[in-house]
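What follows is each chain in one-letter form.
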Amino acid sequence: MPEVLEVESFRRAAEAVVGRRVKAVTHADPLVVDASVADLVVDRRILAARRHGKVLTLDLGANRRVEAAIDLHFGMAGRIVVDGRSPIDELVYAASDDDRWLRFGLLFGRGRLVISDPRRFARVTPSRDGAGLGPDVWSVDRRTFRARLNGRRGPVKATLLDQSVVAGLGNMLVDEILWRVGIDPRRSVSTLTPEEVAEIHATTKRVLEQLDRRGGSHAGDLSVEHRRRGEFCPRDGAELSRGTVGGRTTFWCPRHQG
Ligand SMILES: [Zn+2]
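These numbers come from a predicted model, not from an experiment.

A. Highlighting the nonpolar core. Core analysis: the largest hydrophobic core is formed by 28 residues, its most contacted members being Leu72 and Ile80. Elements with a minimum of two residues in this core: α1 (4-14), α2 (37-41), β2 (45-52), β3 (55-62), β4 (65-73), β5 (79-82), β6 (102-108) and β7 (112-116). For this core, the element with the highest residue contribution is α1, accounting for four residues. With residues up to four places along the chain from it excluded, the contact list for leucine 72 reads Lys54, Val55, Leu56, Leu58, Ile80, Leu113, Ile115, Arg123 and Val124. The next biggest cluster of nonpolar side chains, apart from the first, holds 26 residues, and it includes Val165, Leu173, Val174 and Val181.

Below, the structure written as structure tokens:
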């Protein structure tokens, strides 16, 4: 599932179309693409590709003046493909570059940008400019991060997954972060000490920088190969626990995460 790291790689790929004028919208799956999007983009130039959490926003207009903006949400398995290339290996999501999975396309005089999504959970809408989202997890400072968690209830994992608290984290990253910090994902967020919150914040930054270099959310130390029943903690060898936390399949170490 695309998390902040994957969407940042989509944003970098979309930089290639900045300056290009949209000739037409293609492959507009009505379930994925809001009906008003074509009118917002056709005959306008892409002026910028921005990211907030897991949302990629394209600014459009003329002569550097922004006249419209659209949000791209990638859902469970959406990927961006620019001029025939995607920054995400199709094997990672077991997705295909088959034309049947194309749900949205921007056709330029030269080249195109498309969303490929076998699951159809991607969405393309007029931009909401971050409304309803917490601060972006990659840039949020420690004081703001602490303030966002303050006064919350419920499992720490569910809180970190809540995009209105802090935007960008998904299932794989949260499991990796809590495993590294040594905090049980089921623990109530209200029991975290200020030191633990600071540690989660610092570890999140480290994990994002490191996994960005390694190629994505799947490249953590508690990576895909350990996310199976009967696997062992890479740190201390305890058998990993598996359960549903925050509505998501969760892995944690019963020995060092407390
Ligand atoms: Zn362990």
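B. Region of the structure containing the sheet that holds β7. Taken together, four strands build an open sheet; the order of strands is β1-β6-β7-β5 and the sheet is antiparallel. Two strands bound the open sheet, and with one partner strand each, they are β1 (22-26) and β5. Direction aside, neighbouring strands of the sheet carry axes that sit 15° apart on average. Strand direction decides the pairing type here: β1 and β6, joined by four bridges, are antiparallel. Note on β6: the bridge partner recorded for threonine 26 is glycine 105. On the sheet, α1 packs against β5 and β7 and is oriented at approximately 20° with respect to β5.

C. View of the coordination of the zinc ion. Note on the zinc ion: its protein donors are Cys233 (SG), Asp236 (OD), Asp236 (OD), Cys253 (SG) and His256 (ND1). The metal-donor distances range over 2.1 to 2.7 Å. A relative accessible area of 18% places histidine 256 in the buried class.

D. The arrangement of helix α3 (residues 142-149) in detail. The N-cap residue of α3 is aspartate 141: its side-chain oxygen and the backbone nitrogen of arginine 143 are 3.1 Å apart. Positioned one or two residues after α3, glycine 151 has a phi angle of 80°, which is positive.

E. Region of the structure containing the packing of helix α5 (residues 171-181) against helix α6 (residues 194-214). Axis separation between α5 and α6 bottoms out at 9 Å; the angle between their running directions is 125°. As far as their axial angle goes, α6 and α5 are oblique. As for how α5 packs across α6, the hand of that crossing is right-handed. Touching Leu173, Glu176, Ile177, Leu178, Arg180 and Val181 of α5 are Glu199, Ile200, Thr203, Thr204, Val207, Leu208, Gln210, Leu211 and Arg214, all from α6. Tallied by class, the residues present in the contact of α5 with α6 amount to eight nonpolar, three polar and four charged.

F. Structural view of the domain arrangement of the protein chain. Entries for the protein chain in the domain assignment read domain 1 (4-126) and domain 2 (142-252). Each of domain 1 and domain 2 has a C-alpha centre, and the two are 29 Å apart. Between domain 1 and domain 2, the residue contacts involve eight residues of the former and 12 residues of the latter. Sorting the residues of domain 1 by area buried against domain 2 places Val4, Leu5 and Lys54 first, and these three jointly supply 56% of that buried surface. Joining domain 1 to domain 2, the criterion identifies one salt bridge. In this structure, the salt-bridge partner of arginine 12 is aspartate 212, at a minimum N-O distance of 3.1 Å.

G. The arrangement of a nonpolar patch on the surface in detail. Where nonpolar side chains cluster on the molecular surface, the patch consists of Met1, Met76 and Phe121 and spans about 240 Å² of accessible area. With respect to the helices and strands, methionine 76 occurs in the loop between β4 and β5. Judged by relative accessible area, methionine 76 falls into the partly exposed class, the value being 32%.

H. Summary view of the sheet that holds strand β8 (residues 123-126). Spatial strand order, β2-β3-β4-β8: four strands in an open sheet with antiparallel pairing. Strands at the two margins of the open sheet, each flanked by one partner only, are β2 and β8. Between one strand axis and the next, the sheet turns through 25° on average, direction left out of account. Pairing geometry for β3 and β4, over eight bridges, is antiparallel. Bridge pairing in β4 links glycine 61 to valine 66.

Criteria and cut-off values
- Residues numbered from 1 in each chain as written.
- Predicted model: local features only at pLDDT ≥ 70, side-chain atom pairs only at ≥ 80, totals over all residues.
- Heavy atoms only, no water.
- Core = buried A, V, L, I, M, F, W, Y, C linked by side-chain atoms within 4.5 Å.
- Buried < 20%, exposed > 50% of the residue type's maximum accessible area, 1.4 Å probe, protein only.
- Helix = DSSP H or I, 4+ residues; strand = E, 2+ residues; numbered from the N terminus.
- Contact = heavy atoms within 4.5 Å.
- Pairing = 2+ DSSP bridges.
- Axes fitted to C-alpha atoms, helices over the stretch in contact; angles between N-to-C directions.
- Donors = N, O, S within 2.8 Å, 3.2 Å for Na, K, Ca; no water.
- Polar contact = N/O pair within 3.5 Å; in protein donor to acceptor, adjacent residues only side chain to side chain.
- Parallel < 35°, antiparallel > 145°, perpendicular 65-115°, else oblique.
- Left-handed = near helix turned anticlockwise from the far one by under 90°.
- Nonpolar A, V, L, I, M, F, W, Y, C, P; charged D, E, K, R; others polar.
- Domains from an automatic or database assignment.
- Buried area = accessible area lost by both parts, 1.4 Å probe.
- Salt bridge = Lys/Arg side-chain N within 4 Å of Asp/Glu carboxyl O.
- Patch = residues over 30% accessible without salt bridge, like charges linked within 9 Å, V, L, I, M, F, W, Y side chains within 5 Å.
- Areas by Shrake-Rupley, 256 points an atom, 1.4 Å probe, with all protein chains shown as cover.

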